[in-house]
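# Report on the structure
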Amino acid sequence: MRINERVIQLNDKPVNEKARYVLYWMQMFKRVENNHALIWAIRKANELKLPLVVYEGLKYYYPWASDRLHTFILEGVEEKREHCDKLGIRYVFYLQENDNSPKQTVARLAKEAAFIVTDDYPCFIIPHHNEVMGKKAEIAVHAVDSCGVIPMSKFDKEEYAAYTIRPKIDKLLDRYLKPIEMEKVDVKKPNLDVDCPETEVTADNIADLVAGCDIDHTVKPSPYYHGGTKNARKRLKRFVEEILPDYDAARNKPEKDGSSRMSSWLHFGFISPLEIALAVKDAKAPQDAKDAYLEELIVRRELSFNMTRHNKNYDSLKALPDWVHETMREHADDEREHIYDLEELENAQTHDELWNAAQREMVATGEMHNYVRMLWGKNVIAWSPSYEIAFETLVHLNNKYCLDGRDPNSYAGILWCFGKHDRPWMERDVFGKIRIMKSGSTGKKFDSAKYIEWTKGL
Ligand SMILES: Cc1cc2nc3c(=O)[nH]c(=O)nc-3n(C[C@H](O)[C@H](O)[C@H](O)COP(=O)(O)OP(=O)(O)OC[C@H]3O[C@@H](n4cnc5c(N)ncnc54)[C@H](O)[C@@H]3O)c2cc1C
C-alpha cells in the first residue's frame, strides 16, 4: 500500500508499541545526508518517542561479491558511524564473512523493533529482500524511495524512451530540485545495547576483513575509486569546479578526465543525485554544460530506474520492444565475422585494440568510460554466437568488474546496446535494425591511440 509518493508499506502488520527502538535497514542508500529513507525512519522514531538503530550488513554470498565491491562498501563505514554517533543514532555494521558466521541479523534486530524502514530500490537483490521482509516481519515495514531526484512513483508505467519521460521530468523538476531538510533525532542513544553481532571497521583493517571473506578474491580493489561520502564529495567538487565547464565537449573523450565519474558512488548511495544536481545547478559553468549533465544524471538515469521498476524482465532480452525481437529473429543466423568466448573477452584478447583497451580499463579500475562502454557492448553483440549469449556475457562482465554495476543503469545501458530506448536504424548484418557502432569510426572521434596507451599502463 502506498503511504506517500516516496513511501510504500510492505505489509499490514502492526507497530510494536512495547519495543525498544525503530530499525532502519540501510541496503542501498549508504549515506546520512539527503536520504529520504533515513529521514522517514527518524520521523517514525520521534513519533514513537524511541531511539533509532541503523543497521547495515554486508554478506559474502550476493552475486559477484568480490574484494573490489566489499572494499568500496567498507570504505564508507567508519565515517557513517561517526556521523550517526553525532546525530544520536545507533549505527550497527556487520560483516558476514562465511557460512559459519551468524545469519538472520535483520530478523534478530527486528525482535526488539517497533517498526522497520528500509530502502526501496528497483533491481538486483533488493526487491526480493523487501518482499521476504514484508512477508516474514511481524511488525510494520515501510520501504522508502531515495533513488532519484523525482520519486519513481511519479511515473506510473514503463516509459518508452528518453523522449517520453523528458517532458514529464521537465514539468516536475522545479518542485524536486530543492534541498531537503534533515530531521533531528529526539531520543539520542548512539550506544544503545542491541542483540546483533557487529564488525569494527577502520581504514587500517579493511584489507584484512576483506581477505577473511568467502568472496571472489581475483577482482582486486580499485586503485582509483574509493568508497564513502567524503570521497564522493571530493570528486564532485573537482568535477564541478574544473571539469563541468567543458563537460559538453569533453565527456565523449575517453582519453581525458572529462566526465563526472560519479556513477560508482551513486550506485552505492554514498551521495544522492539531488546533491549532485544542486551542485551542478549552482555551479559557475555554461548553461549548455549544466543542461547536458542534468540530462544524463536525471533524464537518462531516472529512465533506467523507471524501466527496472516497471519491467519485470529488465534482466533479460524480453525487456526489448517488438521491433527488436522481429529484427533479431530475422538476423539470428547471420554469419559472425569473429566469435570470442567469455575467457577471451574477459582477458581482452580480441583483434580490436580499442575494445581490448575498454575491457582493460574496466578490469583494472572498476569503471569504463561512457563513450567506449557503448562500443564495448555493441561489439560483444557482433562477436557472440547469439544475442542471448551476448547479453549474458555483458551482464556478467559489467556486474563483476564495475563498481557501478548491478544498477538500473547497468541493465538499461546493456539493453540499450540491443535497441532499448532507441529507434530502428538502417538494416545491417547481425544487428538488423539495431544501431551499430564500429571501433574504426568511433575511434576517430577521439584520441583513441592515447586512450589505448593509457590502458596498457594500468
Ligand atoms: C553497455 C553499457 C553498460 C552500462 N553499465 C552501467 C552501469 O553498470 N552503471 C551505471 O551507472 N551506468 C552504466 N551505463 C551508463 C553510463 O555508461 C554510465 O552511467 C557512465 O559511464 C558513468 O560515467 P560518469 O559518472 O562519468 O557519467 P557522466 O557523463 O558524468 O554522467 C553523470 C551521471 O549520469 C548518469 N548517466 C550517464 N550516462 C548515462 C546513461 N547513458 N544512462 C543512464 N544514466 C547515465 C550516471 O549516473 C552518471 O554518473 C552503461 C552504459 C552502457 C552502454
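Remember, it's a predicted structure, so these values are computed and weren't measured experimentally.

This part is about the domain arrangement of the chain. By the assigned domains, the chain splits into domain 1 (1-146), domain 2 (229-310) and domain 3 (317-456). The C-alpha centroid of domain 2 is placed 27 Å from the C-alpha centroid of domain 1. With 17 residues of domain 1 in contact, the opposing surface of domain 2 contributes 16 residues. Taking both sides of the interface into account, the surface hidden between domain 1 and domain 2 amounts to around 1,600 Å²; carbon and sulfur atoms contribute 56%. In terms of surface lost to domain 2, no three residues of domain 1 exceed Phe72, Glu79 and Pro122, which account for 36% of the buried area on that side. Linking domain 1 with domain 2 are two salt bridges, by the criterion used here. As a salt-bridge pair, Arg233 and Glu33 come within 3.1 Å of each other at their nearest N and O atoms. Put simply, domain 1 and domain 2 have nine residue pairs in polar contact (both at pLDDT 80 or more) between them. Counting residues per element, the ones that place at least two in the side of domain 1 that touches domain 2 are helix H2 (67-74) and helix H3 (77-87). Tallied by class, the residues present in the side of domain 1 that touches domain 2 amount to eight nonpolar, two polar and seven charged.

On to a nonpolar patch on the surface, then. Among the surface-exposed residues, Tyr224, Trp454 and Leu458 lie close enough to one another that they form a single nonpolar patch of about 290 Å² accessible area. Along the chain, the position of Tyr224 falls in the loop between helix H7 (206-211) and helix H8 (229-243).

A cluster of acidic residues, Glu78, Glu82, Asp85, Glu200 and Asp204, forms a negative patch on the protein surface. Among the secondary structure elements, Glu78 is positioned in helix H3.

The phi torsion at Phe124 lies on the positive side, around 60°, for a residue other than glycine. By the element assignment, Phe124 lies in the loop between strand E5 (113-119) and helix H5 (126-136). Positive phi, normally seen in glycine, also occurs at Ala348, with a value near 55°. The topology assignment puts Ala348 in the loop between helix H14 (342-346) and helix H15 (353-365). For Ala348, a relative accessible area of 14% gives the class buried.

So, about the site of the ligand. Taken together, 25 residues form the shell around the ligand, and within it Tyr247, Ser259, Ser260, Arg261 and Ser410 come nearest. Within the contact set of the ligand, a nitrogen atom lies 2.9 Å away from a backbone nitrogen or oxygen of Asp404. Protein contact buries 94% of the 830 Å² of open area that the ligand shows by itself. When residues of the shell around the ligand are traced back to their parent elements, those giving at least two are helix H10 (263-267), helix H12 (287-310), helix H16 (370-382) and helix H18 (408-417). Counting residues per element, the shell around the ligand draws most heavily on H12, which supplies six residues. The residues that make up the shell around the ligand include at least three from each of domain 2 (229-310) and domain 3 (317-456).

Tallying each qualifying case throughout the model produces 18 aromatic pairs. Between Tyr314 and Tyr411, the ring centres sit 5.0 Å apart and the planes meet at 75°, which makes this aromatic pair edge-to-face. Here Tyr314, found in the loop between H12 and helix H13 (322-331), pairs with Tyr411, found in helix H18; they are 97 residues apart in sequence, far enough to count as distant. For the pair formed by Tyr314 and Tyr411, the shared burial category is buried. Feature note: the residues Phe72, Tyr225, Trp265, Phe268 and Phe270 constitute an aromatic cluster, connected by ring pairs.

What follows deals with the nonpolar core. Formed by 136 residues in total, the largest nonpolar core has its most connected members in Tyr24, Leu52, Tyr293 and Phe418. The dominant element in this core, judged by the number of residues it contributes, is H12, at nine residues. Those residues in contact with Tyr24 that lie beyond four places of it in its chain are Phe29, Asn35, Ala37, Leu38, Ala41, Leu52, Val53, Val54, Tyr55, Val117, Thr118 and Asp119. Of all hydrophobic cores here, the second largest spans 19 residues; its members include Tyr21, Ala110, Ala113 and Leu192.

This part covers the sheet that holds E5. An order of E1-E6-E5-E2-E3-E4 is seen for the six strands of this open sheet, with the pairing classed as mixed. Two strands lie at the open edges of the sheet, namely strand E1 (7-9) and strand E4 (90-95), each paired on one side alone. Recorded for the sheet is a direction-independent mean angle of 25° between the axes of neighbouring strands. Strand direction decides the pairing type here: E1 and strand E6 (residues 141-144), joined by three bridges, are antiparallel.

All right, on to the packing of H15 against helix H20 (residues 448-456) then. H20 packs onto H15 with a crossing angle of 45° between their chain directions and a minimal axis gap of 9 Å. Between H15 and H20, the interaxial angle falls into the category oblique. The crossing of H15 and H20 is left-handed. Judged by residue contacts, Glu353, Leu354, Ala357, Ala358, Arg360 and Glu361 of H15 engage Ser448, Tyr451, Ile452, Trp454, Thr455 and Lys456 from H20. Among the residues making up the contact of H15 with H20, the classes are represented as six nonpolar, two polar and four charged.

What counts, and where the lines are drawn
Per-chain numbering applies: the sequence of each chain, read as written, is numbered from 1 onward. Reporting in this predicted model follows two pLDDT cut-offs: at least 70 for local features of residues, and 80 or more for side-chain atom pairs to be given and counted; totals over whole chains, interfaces and linings ignore these cut-offs and use all residues. Side-chain figures throughout are based on the complete set of non-hydrogen atoms in the structure, without hydrogens or water. All the domain ranges listed were derived from an automatic or database domain assignment. Only heavy atoms matter for contacts: two residues are in contact if any of them lie within 4.5 Å across the pair. What gets called buried area is simply the loss in accessible area from a 1.4 Å probe that two parts show on being joined, summed for both. When a carboxyl oxygen of Asp or Glu lies within 4 Å of a side-chain nitrogen of Lys or Arg, that pair is called a salt bridge. Whenever two N or O atoms come within 3.5 Å, that pair is a polar contact, provided that in protein one can donate a hydrogen and the other can accept it, and provided that, for residues adjacent in sequence, both atoms are side-chain atoms. Put simply, DSSP marks the helices as runs of H or I at least four residues long and the strands as runs of E at least two long, and each gets a number from the N terminus on. Charged residues are taken to be Asp, Glu, Lys and Arg, nonpolar residues to be Ala, Val, Leu, Ile, Met, Phe, Trp, Tyr, Cys and Pro, and polar residues to be all remaining types, Gly included. Residues enter patches when they are more than 30% accessible in relative terms and free of salt bridges; like-charged ones are connected within 9 Å and nonpolar ones (Val, Leu, Ile, Met, Phe, Trp, Tyr) within 5 Å. Surface accessibility in these figures is a Shrake-Rupley result with a 1.4 Å probe; residues are shielded only by whichever protein chains are displayed. Here Asp and Glu are counted as negative and Lys and Arg as positive; His is not counted, and neither are the chain ends. Every charge is mapped to an atom, namely NZ of Lys, CZ of Arg, CG of Asp or CD of Glu. We call a residue buried when its accessible area falls under 20% of the maximum for its residue type, exposed when it is over 50%, and partly exposed in between, using a 1.4 Å probe and counting protein chains only. One heavy atom within 4 Å of a molecule or strand is enough for the residue carrying it to be called near that molecule or strand. By convention, a stacked pair of Phe, Tyr or Trp rings (six-membered ring in the case of Trp) has centres within 6.5 Å and planes under 30 degrees apart, an edge-to-face pair has planes over 60 apart, and any other such pair is tilted. In plain words, nonpolar cores are sets of buried Ala, Val, Leu, Ile, Met, Phe, Trp, Tyr and Cys residues tied together by side-chain atoms within 4.5 Å. Two strands pair if DSSP finds at least two bridges between them. The axes are straight lines fitted to the C-alpha atoms, using for helices just the contacting stretch, and the angles between their N-to-C directions are given from 0 to 180°. The scheme is simple: roughly parallel for angles under 35 degrees, roughly antiparallel for over 145, roughly perpendicular for 65 to 115, oblique for anything else. In this scheme the handedness of a crossing depends on how the near helix is turned from the far one: anticlockwise by less than a right angle means left-handed, clockwise means right-handed.

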